[in-house]
Amino acid sequence: MTVPLTPDPMNEAFQVDPITAASFRQIDQEIGPHPWQGIPYEVVRRAIHATADFELRDRFFFGPNAVEHALAALRQKQPVIVDVRMVAAGIQSGLKAQGIPLYCALDWVEEPRWPGQTRAANGMVNLARRYPEALFVVGNAPTALLALVEEIQAQRVKPALVIGVPVGFVAVEEAKQALAQTDVPQIRVEGRKGGSPVAAAIVNALLLAAQRDPIPN
């Protein structure tokens, strides 16, 4: 069953450019039946817009109260930690405008690393231990997500939210399944799909909602 859509606000503060607005309307027309409404729909739609991939409609998972935790973290200006610079590039202007700190795991690598540990995993562990209650975003490196999950399981970090959408073939589904076994607030794209554009789209949709929607009492 198709649920009513929640369009992006069209007031001056949040008006999108005409081409993006037209793209959103086309997605609304073509997406077909789906379970999403409100902010989750805005997240899914923006991810489809970033990739032109309608299969994402059926791949998203939102954990209980994930959106509420995300909005609270963004309004409280909790740091946002990402795995790779491509994700950072897609969200840095919006976060900077709101005064929200942004850190990339690849900028926090410390040598020597453990045998077999990737740079993304090393940097993610270092940042997670420094900012244990941050909002974490993994759009490319499944090893970074696996390392973060290990920190969660060891109770060294308690993320405000984990966005786990790495893309590819090696360890990608394993990493997402490992995240699914935790009880932290999370948003995932199941299977092999995801990527930096999807990760950035999710953050940008949540950031827009955090600025727009009233803070609940």
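Reading the values: the criteria
- Residues numbered from 1 in each chain as written.
- Predicted model: local features only at pLDDT ≥ 70, side-chain atom pairs only at ≥ 80, totals over all residues.
- Heavy atoms only, no water.
- Pairing = 2+ DSSP bridges.
- Helix = DSSP H or I, 4+ residues; strand = E, 2+ residues; numbered from the N terminus.
- Axes fitted to C-alpha atoms, helices over the stretch in contact; angles between N-to-C directions.
- Contact = heavy atoms within 4.5 Å.
- 1 Å grid on protein atoms, 1.4 Å probe; cavity = no way out; pocket = protein on both sides within 12 Å on 5 of 7 lines; lining within 4 Å.
- Points joined across faces, edges and corners; volume = space filled by probe spheres on them.
- Nonpolar A, V, L, I, M, F, W, Y, C, P; charged D, E, K, R; others polar.

J.: Go over the sheet that holds strand S4 (residues 135-138), please, and point to the residues and values.
T.: Within the open sheet, the 6 strands sit side by side as S1-S6-S5-S4-S2-S3. Their pairing is mixed. Because the sheet does not close on itself, it has two edges, and the strands there are strand S1 (60-62) and strand S3 (102-104). Between one strand axis and the next, the sheet turns through 10° on average, direction left out of account. Pairing geometry for S1 and strand S6 (residues 186-189), over 3 bridges, is antiparallel. Bridge pairing in S6 places Phe 61 opposite Arg 188. Against the sheet, helix H6 (residues 142-153) contacts S4 and strand S5 (161-164), and its axis sits at roughly 150° relative to S5. Each of S1, S4, S5 and S6 touches helix H8 (residues 196-212); the most contacted strand, S5, lies at about 145° to it.

J.: Describe the layout of surface pockets, naming the residues involved and giving the relevant values.
T.: Here the second largest pocket is characterised by a volume of approximately 180 Å³. In terms of lining residues, the second largest pocket is bounded by His 69, Glu 133, Lys 158, Pro 159, Ala 160, Asp 183, Val 184 and Pro 185. Taken together, the residues of the lining of the second largest pocket sort by class into 4 nonpolar, 1 polar and 3 charged.

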